Amino acid sequence: MENGMEILKDEMIYRLPAGIIRFYIGEKIELCQANDAFFRMFGTESSDYKEGLFARFGATDRMLYEPYVRRCGDEKSNIYLEMKTTHKETENIIWLRMEASYVGEVDGGAMYVAALFDITKNKEVLRELEEVKDLYLKAISHTDVTIFEYLIEDDCFVFNTPEEVDGVLINKPIRKENFLARLEEQVEIHPDDLVYFYDIC
């Protein structure tokens, strides 16, 4: 769709690592221009978008993304969206973050320019961290060993104690502020064991 808005004409834009596109929200959400990085992200070419920008997304994902994008178009507001789809060639799941700015009204619809960033690795790292966290919680919830931490600068003793919440055993963190300063007042510690805490902390 040519409308005199040559927004993506600068050759530098086509060499950026981020996907840069211009799209139009009218009867359908139409891809107007895109740099090479955009097509590499999806493993696609311009002919794959004849039916619209979200044509390759699954029906469920389209139901999530399109209404939000259209609402932003009606309000002429900027768009911030995380999207999940598959790479056309590898069929791997990819995650993208889109940041789009409203640039004007054309034929009753809204024109946007957007940058898309591949955040797949970020999502994978977060997923792995959650898995490690779950394994850690399961491990310490099935052991009699208490894991503790002493924060020297804050004089704070932190340890976990098992607690049942909604039928699930979790480890609740307990913080003891001014621990060494008030060590002899700690009722949980037997007087004969105080010397060990002085050595540890």
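In this report, we go over the structure that sits alongside the text. What you are looking at is a predicted structure, and each value in this text was computed from that prediction instead of being measured.

Some thoughts on the pattern of salt bridges
Here's step 1: Applying the stated criterion to the full structure yields seven salt bridges.
Here's step 2: Between Lys88 and Asp48 there is a salt bridge whose closest N-O contact spans 2.8 Å. Of this pair, Lys88 sits in the loop between strand S3 (79–86) and strand S4 (93–106) while Asp48 sits in the loop between helix H1 (36–42) and helix H2 (59–75), and the two are 40 residues apart along the sequence.
Here's step 3: For Glu105, the salt bridge identified is with Lys76, shortest N-O distance 3.3 Å. Here Glu105, found in strand S4, pairs with Lys76, found in the loop between H2 and S3; they are 29 residues apart in sequence, far enough to count as distant.
Here's step 4: Look at Glu105 and you get exposed, because its relative accessible area is 51%.
Here's step 5: Taking the relative accessible area as the measure of exposure, Lys76 reaches 45% and is therefore partly exposed.

Things to note about the environment of Ala34
Here's step 1: Along the polypeptide, Ala34 turns up in strand S2 (residues 29–34).
Here's step 2: Residue classification places Ala34 among the buried positions, given a relative accessible area of 12%.
Here's step 3: Remark: the alpha-carbon pair of Ala34 and Gly19, spanning 15 residues in sequence, is separated by 7.3 Å.

What about the pairing of strand S5 (residues 109–118)?
Here's step 1: Counted residue by residue, S5 has eight buried out of 10 residues, so it is predominantly covered.
Here's step 2: With 10 bridges connecting them, S4 and S5 associate as antiparallel partners. If you follow Arg97 over to S5, its bridge partner there is Phe117.
Here's step 3: Two successive antiparallel strands, S4 and S5, enclose a turn made up of two residues, where Asp107 displays a positive phi of approximately 50°.

Regarding the side chain of Thr120
Here's step 1: In this fold, Thr120 is placed in helix H3 (residues 120–141).
Here's step 2: Setting aside residues no more than four positions away along its own chain, Thr120 makes contact with Ile93, Ile94 and Trp95.

Remarks on the nonpolar core
Here's step 1: Counting residues in hydrophobic clusters, the biggest one holds 28 residues, and the most contacted among them are Ile21, Phe23, Phe38, Phe42, Ile79, Met83 and Leu116.
Here's step 2: Secondary-structure elements contributing two or more residues to this core are strand S1 (19–25), S2, H1, H2, S3, S4 and S5.
Here's step 3: If sequence neighbours within four positions are ignored, Leu116 has contacts with Ala18, Gly19, Ile21, Phe38, Met41, Phe42, Met83, Leu96, Arg97 and Met98.

Details of empty space enclosed by the protein
Here's step 1: Throughout the structure, instances matching the rule amount to one cavity of 30 Å³ or more.
Here's step 2: Space inside the largest cavity adds up to approximately 60 Å³.
Here's step 3: Lining the largest cavity are Ile21, Phe38, Phe42, Tyr49, Leu53, Phe54, Phe57, Met83, Met98 and Leu116.
Here's step 4: Class assignment for the residues of the lining of the largest cavity results in 10 nonpolar, no polar and no charged.

Calculation notes
Residues numbered from 1 in each chain as written. Predicted model: local features only at pLDDT ≥ 70, side-chain atom pairs only at ≥ 80, totals over all residues. Heavy atoms only, no water. Salt bridge = Lys/Arg side-chain N within 4 Å of Asp/Glu carboxyl O. Helix = DSSP H or I, 4+ residues; strand = E, 2+ residues; numbered from the N terminus. Buried < 20%, exposed > 50% of the residue type's maximum accessible area, 1.4 Å probe, protein only. Pairing = 2+ DSSP bridges. Contact = heavy atoms within 4.5 Å. Core = buried A, V, L, I, M, F, W, Y, C linked by side-chain atoms within 4.5 Å. 1 Å grid on protein atoms, 1.4 Å probe; cavity = no way out; pocket = protein on both sides within 12 Å on 5 of 7 lines; lining within 4 Å. Points joined across faces, edges and corners; volume = space filled by probe spheres on them. Nonpolar A, V, L, I, M, F, W, Y, C, P; charged D, E, K, R; others polar.

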